[in-house]
Structures are given as C-alpha cells and as structure tokens.
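One letter stands for each residue in the lines below.
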Protein chains: 2
Amino acid sequence: MALSDAPLLRALRGDRPAQTPVWFMRQAGRSLPEYRELRVGTRMLDACLTPDLAAEITLQPVRRHGVDAAVFFSDIVIPLRLAGVDVVIEPGRGPVFANPVRSADDVQRLTAIDPADLDGTAIAAAVKIVTDELGGTPLIGFAGAPFTLAAYLVEGGPSKEHLQARAMMHADPDSWNRLAGWLGQVSRRFLEIQRDAGASVVQLFDSWAGSLSPADYRAFVAPHSHAALDGIGIPTIHFGVGTGPFLADMRLDGVADAVGVDWRQPLDEAAAILGPDVTVQGNIDPALLGAPWPVLEAHVLDVLERGRAARGHILNLGHGVPPETDPDQLTRIVELVHSR
Amino acid sequence: MALSDAPLLRALRGDRPAQTPVWFMRQAGRSLPEYRELRVGTRMLDACLTPDLAAEITLQPVRRHGVDAAVFFSDIVIPLRLAGVDVVIEPGRGPVFANPVRSADDVQRLTAIDPADLDGTAIAAAVKIVTDELGGTPLIGFAGAPFTLAAYLVEGGPSKEHLQARAMMHADPDSWNRLAGWLGQVSRRFLEIQRDAGASVVQLFDSWAGSLSPADYRAFVAPHSHAALDGIGIPTIHFGVGTGPFLADMRLDGVADAVGVDWRQPLDEAAAILGPDVTVQGNIDPALLGAPWPVLEAHVLDVLERGRAARGHILNLGHGVPPETDPDQLTRIVELVHSR
C-alpha cells in the first residue's frame, strides 16, 4: 500500500477508511518490557539522541501492537537541548532546567539563540532508520507546544498549575510573547527536521494547556502554537489535555487537520464543537486500561461509535499510555478496532 | 454585629452586603511566617489534632488580613485518621496511606467502620476556641469531597489523573459506590462535629473532580457529595477544581448555597450557568498573586465586576493560596475589596 493511502493519512484528509486507524500516545517506551530492557543504563535524553536506540524504540510498538502509525520516540525538551539549553530528565520527576527563565533578561538571553542553528543530525538519522523500515506505515513527528515548554522553563521544572509562566503573561506580556514565540520557532524547527527526514504527519502536544482560561489561551498561547504548525506542508494533529473549554481554538484557524480530545469529552460532543472541517483523535479513558476486558471493550466500541460524528476519526487514548499499562490490553484494542 | 448579619452569611443567602465578603482558600497555614514558626517540630496531622495549635493557626489569617471568615485549619484526611485509618502527610508529597483500598475486600474492611464512631473531641475543642475568639466573624468548617478522598485512598497517595479510583467506578461500581458512599458519611460526620462546636458555614472541597468526565461525575460522584451536605442545617459552599464542564452539577440539586469557581472560568459566565438561586465564590487567578500590584489590582476589580452577575458573591481565589505567596498581597486584596 502506498503511504498516501495509509488509513491514518486518509483519516486526516477526512476520509473514512475501511478500518479506523489507531495508535497510542506514548506507545513508544514506558509500558513495554522490550523498551525497559533497551533503556537500561541510558539516560532518557541520551536515548533520544542515539539514532539506533531512538529508532528501535519508535519501531517496537508498531511490531508488537500492529498500530497504524509510529510516533517518533523523543521528548519535548529535546529541541531545547539541541539549542544548547542545560536540561535533564529526572526519573520520577520530569524535565529540570539548570537556569529557569524568569526575568526579561533571562528571556533575552535564551531567545538570542537562532532556532535555525539547532543541530538536527541525530534526529534526522533516527527518523531515516525508522521510515526505511516502516514502508507504508506513517511516522508521526512530535513536538511540545510553546506553552507546555514555557511552563517547564519558567518554573525550572514540573509544576502543578504553572503559576510562574501564567504570571509572566500578565506581568510582562512582551517577555512572555518573546519567549513563547521563540519556543514556537524551536518546536517548528524540530518538526521540520523530522519532516525533512521522512515523517509524514506531525503532532503538537500541549500537555498543560488545560491550566489556562480560554481568554489566556487565545491571547497568549494560540498564536504561538499556530506559528509552530502553519504551512508545515504535511498533515498536522494538535492535542492538549483539559482543553474542553476552548476546544474550537485548538483548530488553530484551520491549521490543524486533526484535534486530539482528552478522555473527559465524548467525541460526538467534541465533533459538534469542532465542526465539519477537522478530524478528531481520541479518546479512550486511560483509567479503563486497568479495567477487565469486557469493560474496556464496551468503552472502545462507544468511542468508535461517537467518533462517527466527525468527518474522520483516529482512534487513540485520551492521554498518554500510563507506565503501568499491560501492553496486551493495547494489542487487544488494535485487534478490536481493526475487526470492526 | 450579630453573626447572622456577617457579610459572608448574607452573601450566602443571596444578599448584597455593602462590602463583598472575602476570604482565601488555604489562608490558614503555608504562606504565613507566623504559621511556619508555630508548626516547627509538629507533623501536619498532629498539628490538626492539637486543639490550641489548630485554633491558633485558624485565627492567624483573620488577625493579619482582616478577612470576613476563618476557615478551620485541618486536612481532608483528618476524618479518616479519626476513623482509625493509617495515613501520614509526607512533606512535599501529600497524604500517603499504609494500605491502599483497591479490592472489594479492601472496601468491605474499611467501610465496616461506622462513621458515627469518629472521635471528634480534639476537633470540637479547637472549633470552640476559635469561635469564642471570633465573635461576629463566621468560621467555615471544612471537609474533602468523597471523590477526592477516594482518589488518594485507592492510589495510596497523590496521583495525577486518579486512574485507579476512576477505573474502580467502571470495573466494580458496587465497591466504588460503597467506598464513596462511606466517604460521604465520614466527611459529613466531620462537618457535623465542626457545626455542633460552632462553625456557621461548611465547605466541601473536591480538589480532583476535574479529572472526571461530566457523565462520570454525575453517575459516580455527585450523589455521594450530595449526601455529605444534604440537610446539614447551615449554609454550604461546594468547590471543585476544573469543574467548568459540569459546573451546574456542582449545585448538587440546590443543596449548595454557593458554588466555588476556579480561575479558568469568568464569574459572569459561571453565574449564567449556575442560575439565579446560587451564590458564586471566587475566583482570583493564584498565578497573579505573583504579579506586580497594578496587574493584580486590575484583575481583582474585574473579578468583583463579573461577580455582580450572580445573586451573591464571596470573593476568594480560584484555588488555594500557593505556599510562596507574599502575604502582603493578600492583605492588599482584602483592603481593596473592602474599599469598594
């Protein structure tokens, strides 16, 4: 099958392929024993920057589950590391930055780096290995959205309600817009590297957007996410967690071909909000991965049914695969979806 | 002034007192240096169960800020501790339970405890000290809502998306309803102890309700929160975080005299959803407590203005006071609100 006829790409164009395409956010890594074995002794960001390793981790879930797409194994802070920012992933905690970006001076210093200077060699090499093996299965490139990256950078690490980043929007909007604008360009460059090396779709992840009011999302975030994706030239998926109150804005004025919906909002309601020009992605409740199969099965069928309300549907979870997930539950979901 | 004429109680009845009443969730503790001094060497739950200490911590913010209400210094897991459950608060982490409640047997064992047997002696003693000193200023009693308590109990500690508690709802609804029903009665008993000792208002906190879909909230949570408050005989406030998508349900069929709104939803929009029979509480964005005063001042005035759309308004934050808050910002907010 030609790549352009792959169910994922057809669904992104608004077609209804015979089988609904399915993949899982965070399918690469975490829940797979073959991943944990491979990662022993390698730090997270080093693994992302070792082409053979990143490629193998990306391919593992495609082989195991038979999903309709690979998603590039990486981390949202990788482009920052490639830009020279001092960041590590602390196991059990998350990304930690040596120098939080809090003042106007901090922002000036950071944004003096030209996003065009990001060294994409290791990323491109990994993507090439993956796409050579995948053949007709699409690879989804991956980047964090500007707000989520800023939430980490301004705090210096993970935080619950991202108070400092959200304070900067109102206390010093010029610095905020400079920072978020720069992050949008950094994420865009990261996506372009993946696209140029062979990725055929990109997804922008805004994990923390749900901490924002709709008004703040529109004024301080959406324009920068828009700039990260606008005109990238391949199909785009835009996903955020807790974005129900401003879901229509997640379309980014038509730049998103698909909008990801979290587990809280039924897909038929989401489709009614999103309108006829966008494909929906989602939204199995990750909590139900731990339920007995008949309970999970009924839920998956309900998600499939509600997804019919949209122009196209990519089946996925409503958030990433939890680390403790039994991988067999994911394989069963793929089999169920492909059997309908 | 008689307690019944206090601005808080008038606002809860739907009156518009000359000054909008103001208090802050988590005003007792955390951000106050006099609290941190007092707490040295005492573990959190021990402090809650030492009447002199709990009373003093409850009174500190009333003296310092001149707020219109005290909120009883306690923790949502205190009634569980009083029921004999082995729980500690780990600093920097949160409540940790020695025995997570995951199976039907676990639920049976726990719910065999009769909520009527909770020993309220220490709580009643602290409330008595507080209300004797407060005079005409109301004391708000405090309890966690059944879902938030269950989210901790089932996981055994804090978690991001409360997967195990939410899985139990679908995998074993009987056990879930037994557990949440019991927790509703435990929280109710805790509120009754505070009421009987002199609290004149109660607030039920559902910190984690925002992880639920509206359908799950309605089916598995609202009935148990309703039972915790129904017929308690004094005014009630019901607050949750991220409950925008099911805000109308937070009224609990008229049992809530006021509904708390988080920082994401403008109060005029919330009032339109909640209707004419409920007072709103909220909703200063805690992120803006870190902004320069003119930015915060403009935000507080905007919140006051939008609050006029409701039948009554209690000014508060949209979530608890962050630990790093400069207490002078809180005092300034009280002065500003009282000057209007």
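What you see is a predicted model, and the numbers here were worked out from it, not measured in a lab. (Residues numbered from 1 in each chain as written. Chains lettered and ligands numbered in written order. Predicted model: local features only at pLDDT ≥ 70, side-chain atom pairs only at ≥ 80, totals over all residues. Heavy atoms only, no water.)

> How would you summarise the packing of helix H8 (residues 146-155) of chain B against helix H9 (residues 163-171) of chain B if you had to cite specific residues and measurements?
Residues and elements named next belong to chain B. In the contact formed by H8 and H9, the axes pass within 7 Å of each other and the chain directions differ by 105°. Judged on the interaxial angle alone, H9 and H8 are roughly perpendicular. Counting all contacts with H8, which are made through Phe147, Ala150, Ala151, Val154 and Glu155, the residues of H9 involved are Leu163, Gln164, Ala165, Arg166, Met168 and Met169. For the contact of H8 with H9, the residue count by class is eight nonpolar, one polar and two charged. (Axes fitted to C-alpha atoms, helices over the stretch in contact; angles between N-to-C directions. Helix = DSSP H or I, 4+ residues; strand = E, 2+ residues; numbered from the N terminus. Parallel < 35°, antiparallel > 145°, perpendicular 65-115°, else oblique. Contact = heavy atoms within 4.5 Å. Nonpolar A, V, L, I, M, F, W, Y, C, P; charged D, E, K, R; others polar.)

> Pulling in residues and values, what's your account of the packing of aromatic side chains?
Residue and element names in this part refer to chain A. Scanning all chains against the criterion turns up 12 aromatic pairs over all chains. Arranged with centres 6.2 Å apart and planes meeting at 80°, the rings of Phe205 and Phe239 form a pair that is edge-to-face. Within this pair, whereas Phe205 is found in strand E5 (residues 201-206), its partner Phe239 is found in strand E6 (residues 236-240), the two being separated by 34 residues in sequence. When sorted by exposure, Phe205 lands in the same class as Phe239, which is buried. An aromatic cluster of at least three residues, connected via ring pairs, comprises Phe142, Phe205 and Phe239. (Phe/Tyr/Trp six-rings, centres within 6.5 Å; stacked < 30°, edge-to-face > 60°. Buried < 20%, exposed > 50% of the residue type's maximum accessible area, 1.4 Å probe, protein only.)

> Provide a residue-level description of the UniProt feature "site: Transition state stabilizer" (unreviewed entry) in chain A, including the pertinent values.
Residues and elements named next belong to chain A. Residues annotated in UniProt with the feature "site: Transition state stabilizer" (unreviewed entry) correspond here to Asp75. Inspection of the secondary structure assignment puts Asp75 in the loop between strand E1 (70-71) and helix H5 (78-82). Polar contacts involving the side chain of Asp75 include one to the main-chain amide nitrogen of Val77, which spans 3.0 Å. (UniProt positions renumbered as here; feature names shortened; annotations may be inferred. Polar contact = N/O pair within 3.5 Å; in protein donor to acceptor, adjacent residues only side chain to side chain.)

> Lay out the confidence of the model for chain A with the relevant residues and their values.
Mean pLDDT over chain A works out to 97, with 100% of the residues at or above the 70 mark. Among the prediction metrics, the complex's ipTM stands at 0.94, with pTM recorded as 0.96. (pLDDT = per-residue confidence, 0-100.)

> Tell me about helix H7 (residues 121-134) of chain A, and name the residues and values.
Residue and element names in this part refer to chain A. Relative to the 20 Å expected for 14 residues at 1.5 Å per residue, H7 spans 20 Å between its end C-alpha atoms, a close match to the ideal helical length. Taken together, the buried positions of H7 are occupied by Ile123, Ala126, Val127, Val130, Thr131 and Leu134. Seen along its axis, H7 keeps its buried residues to an arc of 125°; they face one direction. Turned more than 90 degrees away from the buried face of H7, the exposed residues are Thr121 and Asp132. (Expected span 1.5 Å × (residues − 1). Arc of directions from axis to C-beta.)

> Give me the relation of the copies chain B and chain A: which residues, what numbers.
For the pair chain B and chain A, the superposition axis carries a translation of 0.0 Å, the fit reaches an RMSD of 0.0 Å, and the rotation angle comes to 180°. Interpreted geometrically, this transformation is the action of a two-fold axis. When each C-alpha of chain B is compared by its distance to the rotation axis, Pro245 of chain B comes out closest, at 3.6 Å. Both copies present the same face, since 100% of the interface residues in chain B are matched by interface residues at the equivalent positions in chain A. (Least-squares fit on C-alpha atoms with pLDDT ≥ 70 in both.)

> How would you sum up the sheet that holds E6 of chain A? Please name residues and give values.
All names here are of chain A. Taken in spatial order, the seven strands of this open sheet run E1-E4-E5-E6-E7-E8-E9, and their pairing is parallel. Edge positions in the sheet fall to E1 and strand E9 (313-317), since each has one partner strand and no second. The pairing of E1 with strand E4 (residues 139-144) spans two bridges and is parallel. Across the sheet, residue Ala70 finds its bridge partner in E4, namely Leu139. Against the sheet, helix H12 (residues 267-274) contacts strand E7 (258-260), strand E8 (279-284) and E9, and its axis sits at roughly 155° relative to E8. (Pairing = 2+ DSSP bridges.)

> Describe the nonpolar core, and please don't skip the residues or the numbers.
Counting 123 residues, the largest nonpolar core has Trp176 and Leu179 of chain B as its most contacted members. Here the element with the most residues in this core is helix H10 (residues 173-197) of chain B; it accounts for 10 residues. With residues near it in sequence (within four places) discarded, Leu179 of chain B still touches Val101, Val107, Leu110, Thr111, Ala150, Leu153, Val154 and Met168 of chain B. In this structure, Ala55, Val127, Val259 and Leu296 of chain A belong to the second largest nonpolar core, which totals 122 residues. (Core = buried A, V, L, I, M, F, W, Y, C linked by side-chain atoms within 4.5 Å.)

> Any chance you could break down the side chain of Asp106 of chain B for me, citing the residues and the numbers?
Residue and element names in this part refer to chain B. With respect to the helices, strands and loops of the structure, Asp106 is situated in helix H6 (residues 104-111). Classification of Asp106 by relative accessible area gives buried; the value is 18%. Within the structure, Asp106 has its side chain in polar contact with the backbone nitrogen of Arg102 (distance 2.8 Å). Look past the residues within four positions of Asp106 in its chain and what remains in contact with it is Pro100 and Val101.

> Break down the sheet that holds strand E6 (residues 236-240) of chain B for me, with residues and values.
Residue and element names in this part refer to chain B. The seven strands are arranged E1-E4-E5-E6-E7-E8-E9 in an open sheet whose pairing can be described as parallel. Edge positions in the open sheet fall to strand E1 (70-71) and strand E9 (313-317), since each of these has one partner strand only. The pairing of E6 with strand E7 (residues 258-260) spans three bridges and is parallel. What sits directly across from Ile237, in E7, is Ala258. Against the sheet, helix H12 (residues 267-274) touches E7, strand E8 (279-284) and E9, its axis set at about 155° to E8.

> Quick rundown of the UniProt feature "binding site: substrate" (unreviewed entry) in chain A? Include the residues and the values.
All names here are of chain A. The sites that UniProt annotates as "binding site: substrate" (unreviewed entry) are Arg26, Gln27, Ala28, Gly29, Arg30, Asp75, Tyr152, Ser207 and His319. Taken together, the annotated residues stretch across 294 residues and extend over separate regions, lying up to 22.9 Å apart by C-alpha. As for its placement among the helices and strands, Arg26 is situated in the loop between helix H1 (7-12) and helix H2 (33-39). Residues in contact with Arg26, not counting those within four places in the same chain, are Gly320 and Val321. Non-local contacts of Arg30, meaning those with residues more than four positions away in its chain, are made with Tyr35, Arg36, Gly320, Val321, Pro322 and Pro323.

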